[in-house]
Amino acid sequence: MFNALCLASPVGTLSVFENQGQIIAVEWGDQIEGEATDVLIEARNQLNAYFAGKLKSFALPLNINGSAFQKSVCQLILEIPYAETWTYGDIAKKLNSSAQPVGGACGRNSIPIIIPCHRVMGAKDQMTGFSGSGGVKTKEALLRHEGWMPRKPDLFT
């Protein structure tokens, strides 16, 4: 059994899901709310602080769904600093993989924003898909919110 709590955000209404004291999903849209557990209240507080520009890293208990590879991709995504981006290739190198499976794992991230897959880009900062509502436009909005700026091209290459 899981519980859900909804909140308004600059990127739309979000529903946060919890099961056995761990966050299991963030989805766009209103969901049927359950018991407002301590974990859900803390998640709402941290998301509100993030959108207010007062929080740069979430500290919530997470239950990442998926294969061992999916979980390893999500763990690396959690290491991407606020307002910075890594490419699928950057993550693939760390996992001795190729970029395409990393992209697939990002697309299956069930806890977007908290696991900041919006900080993962294509090669040369190419803006690529985003699993959240609004797709790339939402990804861009989240990155702009964080103050992200594209890397400047090397003028000497």
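Residues numbered from 1 in each chain as written. Predicted model: local features only at pLDDT ≥ 70, side-chain atom pairs only at ≥ 80, totals over all residues. Heavy atoms only, no water.

(A) Structural context of the sheet that holds strand β3 (residues 22-28). Spatially, the three strands line up as an open sheet ordered β1-β2-β3, and their pairing is antiparallel. Looking along the sheet, the strands with just one partner apiece sit at the ends: β1 (3-7) and β3. Sheet twist, expressed as the mean angle between neighbouring strand axes with direction ignored, is 25°. Bridge count for β1 against strand β2 (residues 14-19) is five bridges, and the pairing is antiparallel. Bridging from a neighbouring strand, N3 pairs with E18 of β2. (Pairing = 2+ DSSP bridges. Helix = DSSP H or I, 4+ residues; strand = E, 2+ residues; numbered from the N terminus. Axes fitted to C-alpha atoms, helices over the stretch in contact; angles between N-to-C directions.)

(B) Main features of the environment of L7. With respect to the element layout, L7 can be found in strand β1. For the pair formed by L7 and Q75, sequence separation is 68 residues and the distance between their alpha carbons is 25 Å. Dropping the residues within four chain positions of it, L7 is found in contact with G12, T13, L14, V16, R44, L47 and N48. (Contact = heavy atoms within 4.5 Å.)

(C) Region of interest: the packing of aromatic side chains. As enumerated under the stated definition, the model contains five aromatic pairs in all. Judged by centre distance (5.0 Å) and plane angle (75°), the ring pair of Y50 and F51 falls under edge-to-face. A relative accessible area of 0% places Y50 in the buried class. On the basis of relative accessible area, F51 is assigned to the buried category, the value being 14%. With 5.5 Å between their ring centres and 40° between their planes, Y50 and F58 make a pair best called tilted. (Phe/Tyr/Trp six-rings, centres within 6.5 Å; stacked < 30°, edge-to-face > 60°. Buried < 20%, exposed > 50% of the residue type's maximum accessible area, 1.4 Å probe, protein only.)

(D) Local environment of the pairing of β3. Sheet topology note: the β2/β3 ladder contains six bridges and is antiparallel. Across the sheet, the residue bridging to V16 is V26, located in β3. Linking two consecutive strands that pair antiparallel, namely β2 and β3, is a turn of two residues; a positive phi of about 50° is found at Q20 within it.

(E) Representation of the nonpolar core. By size, the foremost hydrophobic cluster in this structure holds 39 residues, and its most contacted members are I23, I77 and I113. Elements with a minimum of two residues in this core: β1, β2, β3, α1 (38-51), α2 (68-77), α3 (88-94) and α4 (99-107). It is α1 that provides the largest number of residues to this core, a total of six residues. Once residues lying within four places of it in the same chain are set aside, the contact partners of I77 are I91, C106, I115, P116, C117 and V120. (Core = buried A, V, L, I, M, F, W, Y, C linked by side-chain atoms within 4.5 Å.)

(F) Representation of α4. Here α4 has its buried residues at V102, A105 and C106. Within α4, the buried residues cover an arc of 100° as seen down the axis, which keeps them to one side. Contacts made by the buried residues of α4 are with α2, α3 and β5 (120-121). (Arc of directions from axis to C-beta.)

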